[in-house]
Amino acid sequence: MKKSIIVFFCLALIVASTQSFAQLSKKEKKEWKKKAKEYAKNPANLKQLEEDKQAADNNVSTLNQKMTQMQSSISEKDSKIAELEDQLSQVRGQLTAANAELTSLKENPSNSMDFSKGVVFKVQIGAFKNKNLAKYFENNPNFGGEAKDKEPQKLTIGVFRDYWEADTFKKYMREMGVKDAWIVPYQDGQRVEIKDVLEGVVGDKPAPESK
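All values reported here derive from a predicted model rather than from experimental measurement.

S.K.: Can you break down the pattern of salt bridges residue by residue, with the values?
M.R.: Per the stated rule, a full pass over the model turns up four salt bridges. Among the salt bridges present, the one from Asp167 reaches Lys170, with a minimum N-O distance of 3.0 Å. Taken together, the positions of Asp167 and Lys170, both in helix 4 (residues 163–175) and three residues apart, correspond to about one turn of that helix. The burial state of Asp167 is the same as that of Lys170; both residues are buried. Between Asp167 and Lys171 there is a salt bridge whose closest N-O contact spans 3.3 Å. Of this pair, Asp167 and Lys171 both sit in helix 4, four residues apart, roughly one helical turn. Looking at Asp167, the relative accessible area reads 8%, which means it is buried.

This is the structure:
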């Protein structure tokens, strides 16, 4: 009776990986019954078979975990690639815009010297009577002035976007003997008070170190 139970258990264990013992052919059933009897005679082989099956199952489980990790890693890499492609697309767009702006500047070089808009700083070198230099003001951005009736004509030299550059130039002019040199600001072509524009232009930018 005990032997029959072992044979039945062996047979059930061997055919567990098939869909159903009933689906086997008569020849296959006969072969598996023969193997079951062999395992019944040698339980050690049956034990080894069970251990091998368990080891195989563990190996399959480990491989499935690794495959899941690899799929997760691939998904992260795909996401990173998509992010990098998006950044590359943005950089290409910026480069295209920069090239377009450069082309525009090349086609219209005068635009780079257009100081009629925004805030600029000039260095006034003096106010003179009986000296009319207004004819030199036009088409000469580095030399200008203001000529009003019954007022001394004010002359300026240089035009700067940066206040500290204008300040350095003013100091050079004073060192060369132009003691009355001082900075005058203009906004959109109109002379304004320096207190009205200095804070917005200079901000937190420190003065350059004296040489």
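From this point, the narrative continues.
S.K.: A description of unusual backbone geometry should follow, citing residues and the corresponding values.
M.R.: Keep in mind that most residues, glycine aside, have a negative phi and that most peptide bonds are trans. One non-glycine residue, Asp188, adopts positive backbone phi at about 55°. Tracing the backbone shows Asp188 in the loop between strand 4 (182–187) and strand 5 (190–191). Note on Asp188: relative accessible area 45%, which makes it partly exposed.

What counts and how
Residues numbered from 1 in each chain as written. Predicted model: local features only at pLDDT ≥ 70, side-chain atom pairs only at ≥ 80, totals over all residues. Heavy atoms only, no water. Salt bridge = Lys/Arg side-chain N within 4 Å of Asp/Glu carboxyl O. Helix = DSSP H or I, 4+ residues; strand = E, 2+ residues; numbered from the N terminus. Buried < 20%, exposed > 50% of the residue type's maximum accessible area, 1.4 Å probe, protein only.

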